[in-house]
Every structure is written in structure tokens, then in C-alpha cells.
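Topology and contacts: notes
This is what each chain is made of:
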Amino acid sequence: MPSAPPEADPAPTDGHLPNAALARIADAPWGIYLHVPFCRVRCGYCDFNTYTPAELSGPQLSGGSDKPRAGTTTADYPDWAIAELDLATKVLGRSARPVETVFVGGGTPTLLAAAQLGGLIEAIRERFGLAQGAELTTEANPDTVDEASMHSLAAAGFTRVSLGMQSSVSHVLRTLDRTHDPANVERAVRAARAAGLAVSLDLIYGTPGESLGDWRDSLTKALELQPDHVSAYALVIEEGTRLAAQVRRGLVSAPTDDDEADKYELADELLANAGFGWYEVSNWARRPQDECRHNVGYWRGGSWWGIGPGAHSHVGGVRWWNVRHPARYAQQLASGASPGEGREVLTDAQRYEETVLLVIRLATGLPVAALDPAGRAAVPALVGDGLVTRQGDGDRLVLTLRGRLLTDTVVRRLLGF
């Protein structure tokens, strides 16, 4: 099941934001995240806030109706997402500005029809406007798209599609409970190219039973498809997932740090040889313009409004998240209330820690001037240990390959933990 949200203060029922937070919107990247909380099946490793049809059945509406509860179907979900967009326009008021990036994630966003996804983009355009050259991305399961839907997405304004390839090896996909046909990845890439969309492929390494040769095969197959962007994430076995239960019972073995390090190094080598440059610890792009600008906004401390059940938002140092169940999400919006559940107003210390934690992950580096005295004092030893280099006349810290493998260690030492 989805992991629990962090503890925090209750979110205001009207979604109100402090004036100081609204004033900061103009100073950083600004985007919208749209969460589509539906999947056909739940993958064994997944703890995202997503729901299968079976998980959304159960108590029906009062009065003995057999109709599904509001917000729990792909048919009516876009209406509730648009209702939250209306709330966002009220809360942001004159502080709102044209949206620079939109990212539709999930779940499986392409369980919505391309026309529905296009309608959500049009709703954003009508309420906020889209900045010139805006980046619009949707995630997609390779089995849920074809050439017609890709052309519809492009016509709606989408510029990128992020395909959940995960692996090219059948037994690895089975362990992950991924149901897509590996051959459909190639068909989906071809369809996206025909529609003029940029293509990102998402990969996962460290699956129990995956050999280094399996991982090499997945990377090779991905590169043969000539994507514009590749994300490669180490598998994290989250408590409460089916895979975690299998590890606990000894049915499969958890990945080791050494195995994941070997696979990361192989990914970096093969991607670099193919002309890709890393721009964030787990992300590589063929050219700078192929980077995912929406995600860069997260790492640079930008502002974004997260739409949908369980979606997280951050505006000018205020972070909040929505109620998680789609029915409750719709219920709160129907009552005229914000779907927000918890909220944090970040202190200066928290904002500093997040800056160090996120910006150091970028290949552009962390400005030394952004560090406090204790952080600056830690720099010489980090350089001496081969974890960072000083670039740009020494005013930026950039992770080495070894530093990328030990990013958490670098962050702890910079923060004095």
C-alpha cells in the first residue's frame, strides 16, 4: 500500500498561503504536477499513491446507488483535478504567472484518454497560461499508448513522453510485477517520434535476481532506441510493499550496495559512451535542452502546485500535500474545501538543508557561497577524499563519480551530521 505522509500541521481548509510565499513565486522555476492515481495492477515494488480498480471498489455512495464514488474512476477524475486548478487560481491570485513546466505522473497517466489529458492541459492554459517554450511531459506505460494517442498528446501541447521501460529482461519485469510487453517499448518510442515528441526512458536497477549482464542488456536495448533522456534509479524496497514481504520471508534477496554501485557505474559508462551527459545523479540527457526542466525545478527549490490525491506542492517555502484517497479528495473539493491534508512552513534552517541536499545532486554544482561556515569547513576533506571537485574558479562543488555513489555521505558531511 502507499506509504504514509509525513507528520505536520493541518493544511488550511481554504488553501491560503502566506504573502511571503506568494511573493517568492517570481524568483524560481514554476510548474504544475498532475497526479493520476490509477493503475491496472499494483507492481510489487511500488508504494506510490496509486489504486487499482479492486482497491477502489467497496463502500458505494449512500442511498443504495451502485455508482462508483466520485473521483474514483478515470471518467470523472479530470473534473476534480480541474476543480483543484480552480482553487489554485483563487489562492495564488495575482501572484500566478504562466506555467513553465507541466508533468503528468502517476500511477499510469495514459489510462486517461489522450483527449482527457489534453483537456487538463487546456484547463491549465485557460487559468494560468503557458510560458513560451513550456515543457509538457506525461509518463506512459508502453502498453497504453499507440501512434494515434501520441499524435493526440502532441496536438494537445505535450512536448515529452516518459516511458516506463524499467528493464528489457523478462524475468526482471516479472519480479517487479511489470506487465508490459518489452517489445512495446520500441513501438511506443516509434510512435512518439512520429508525433514529434521527445522521449525519455525510465530504468530501474538492482531488482532481485538481476545480473550485471541483465542490466547491461537493458541499457544496451534502451540506447538502441536512441532516446533523448534516460533516468536510471536504484530499486528501493519500501516497507509495506509485496516485494518487501518477499524479502522478509527470504523468497528473494535484497540488492546489495556493491551490486547497485557496479550497476550505476556501468550505466554511467555506457551512457557517456553513447553521448549522454549526467545532469543529476540519476538522470542523463543527450543535450542540455533534453534535460527534464520540470524535475530540475524541484532540485533547484522552485515552486509547483501538485494536483491530485496525495500530490505534494511547494510554493515559496511552504510545502503541503493532499489527502490520499481519490474519493476523499473529490469529497473535499465538492464541499468547497482544499484537498490539502498537511502543511509545513519551512524554517530558514530547513530551507538551507534542502538547498544542500538537492542542489549538490546537479552537475552544475553547489555554490560554495551557499554553504554556512561549517559546510565550507567540510569542503577540503571532501575534495581530498575524491568525493567532490571545485569547478568554476573553485566557486562550485561538483560530485565526482565516487561522490555520486556516496551522495548521502557528502550531504551529511556538508550539513555536519
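Fair warning: this is a prediction, and the values are worked out from it, not measured in the lab.

Conventions used here
- Residues numbered from 1 in each chain as written.
- Predicted model: local features only at pLDDT ≥ 70, side-chain atom pairs only at ≥ 80, totals over all residues.
- Heavy atoms only, no water.
- Helix = DSSP H or I, 4+ residues; strand = E, 2+ residues; numbered from the N terminus.
- Buried < 20%, exposed > 50% of the residue type's maximum accessible area, 1.4 Å probe, protein only.
- Areas by Shrake-Rupley, 256 points an atom, 1.4 Å probe, with all protein chains shown as cover.
- Contact = heavy atoms within 4.5 Å.
- Polar contact = N/O pair within 3.5 Å; in protein donor to acceptor, adjacent residues only side chain to side chain.
- Patch = residues over 30% accessible without salt bridge, like charges linked within 9 Å, V, L, I, M, F, W, Y side chains within 5 Å.
- Salt bridge = Lys/Arg side-chain N within 4 Å of Asp/Glu carboxyl O.
- Lys, Arg positive; Asp, Glu negative; His and termini not counted.
- Charge placed at Lys NZ, Arg CZ, Asp CG, Glu CD.
- Arc of directions from axis to C-beta.
- Pairing = 2+ DSSP bridges.
- Axes fitted to C-alpha atoms, helices over the stretch in contact; angles between N-to-C directions.
- Parallel < 35°, antiparallel > 145°, perpendicular 65-115°, else oblique.
- Nonpolar A, V, L, I, M, F, W, Y, C, P; charged D, E, K, R; others polar.
- Core = buried A, V, L, I, M, F, W, Y, C linked by side-chain atoms within 4.5 Å.

1. Examining the overall build of the protein chain
Scanning the protein chain from N- to C-terminus turns up 16 helices and 16 strands. In the protein chain, which comprises 417 residues, the proportion classed as buried is 52%. Within the structure as shown, the protein chain displays about 18,100 Å² of accessible surface, and the carbon and sulfur contribution to it stands at 51%.

2. Here's the deal with the environment of Glu280
Of note, Glu280 is situated in strand E8 (residues 277-280). Residues Glu280 and Ala363 lie 83 residues apart in sequence; the distance between their C-alpha atoms is 5.8 Å. Apart from residues lying up to four places away in sequence, Glu280 is in contact with Trp299, Arg361 and Leu362. For Glu280, the side chain forms a polar contact with the main-chain nitrogen of Ser282, separated by 2.8 Å. A polar contact is formed between the side chain of Glu280 and the side chain of Asn283, at a distance of 2.8 Å.

3. A short note on a negative patch on the surface
A contiguous patch of negative charge, built from Asp257, Asp258, Asp262 and Glu265, is present on the exposed surface. Here Asp262 lies in helix H10 (residues 257-273). Accessibility expressed as a relative area gives 42% for Asp262, which makes it partly exposed.

4. Brief notes about helix H16 (residues 407-415)
Burial in H16 covers these residues: Thr407, Val410, Val411, Leu414 and Leu415. Down the axis of H16, the sector holding all buried residues measures 125°, keeping them to one side. Tucked inside the fold, the buried residues of H16 contact helix H13 (348-359), strand E14 (366-367), helix H14 (373-384), strand E15 (388-391), strand E16 (396-399) and helix H15 (401-405). Looking one or two residues past H16, Gly416 carries a phi angle of roughly 75°, positive in sign.

5. Side note on the sheet that holds E15
If you trace the 3 strands from one edge of the open sheet to the other, you get E14-E16-E15, paired in antiparallel fashion. Unpaired on one side and paired on the other, E14 and E15 mark the two borders of the sheet. The pairing of E15 with E16 spans 4 bridges and is antiparallel. Bridge assignment links Arg390 to a residue of E16, and that residue is Leu397.

6. Thoughts on the pattern of salt bridges
Where charged atoms of side chains with opposite charge meet at close range, the side chains can pair. Enumeration according to the criterion identifies 16 salt bridges in this entry. Of the charged contacts, one joins Glu100 and Arg97 as a salt bridge, the two residues approaching to 2.6 Å between their closest N and O atoms. Assessed through its relative accessible area of 24%, Glu100 is described here as partly exposed. Two residues, Lys221 and Asp217, come together in a salt bridge whose shortest N-O distance is 3.4 Å. Here the residue Lys221 and the residue Asp217 both occupy positions in helix H8 (residues 212-224), the gap between them amounting to 4 residues, near one helical turn. Lys221 gets classed as partly exposed once you look at its relative accessible area, which sits at 36%. One salt-bridge network, in which partners are shared between bridges, spans Asp86, Glu126 and Arg127.

7. A short note on the environment of Tyr298
Tracing the backbone shows Tyr298 in helix H11 (residues 293-299). As for Tyr298 and Lys90, which are separated by 208 residues in sequence, their C-alpha atoms are 23 Å apart.

8. Some remarks on the side chain of His229
Examined against the element boundaries, His229 turns out to sit in strand E7 (residues 229-234). At 2.8 Å, the side chain of His229 forms a polar contact with the side chain of Ser200. Sequence-distant contacts of His229, that is, excluding residues within four places in its chain, are made with Arg160, Val199, Ser200, Leu201, Phe276, Tyr279, Asn283, Trp284, Ala285, Asp290, Glu291 and Cys292.

9. A short note on H14
Spacing of three or four residues puts side chains on the same side of an α-helix, whose turn is 3.6 residues. Here H14 has its buried residues at Gly375, Ala378, Val379 and Leu382. Buried residues of H14, seen end-on, are gathered within an arc of 135° and therefore sit on one face of the element. Turned more than 90 degrees from where H14 packs its buried face, Pro373, Ala377, Pro380 and Gly384 sit exposed. Its buried side turned inward, H14 meets E15, E16 and H16.

10. Let's talk about the packing of helix H4 (residues 114-127) against helix H5 (residues 147-156)
Orientation of H4 relative to H5, taken along the N-to-C sense of each, is 5°, at an axis distance of 9 Å. Here H4 is positioned roughly parallel relative to H5, judged by the angle of their axes. Of H5, the residues touching H4 (which contributes Ala114, Leu117, Gly118, Ile121 and Arg125) are Ser149, Ser152, Leu153 and Ala156. Its residues assigned to classes, the contact of H4 with H5 comprises 5 nonpolar, 3 polar and 1 charged.

11. Overview of the nonpolar core
Among the nonpolar cores identified, the biggest contains 95 residues, and Met150, Trp305 and Leu414 are the most heavily contacted of them. By residue number, the principal contributor to this core is helix H3 (residues 77-92), which donates 8 residues. In contact with Met150, other than residues within four places in its own chain, are Val145, Val161, Leu163, Ala188, Ala191, Ala192, Ala195 and Leu197.

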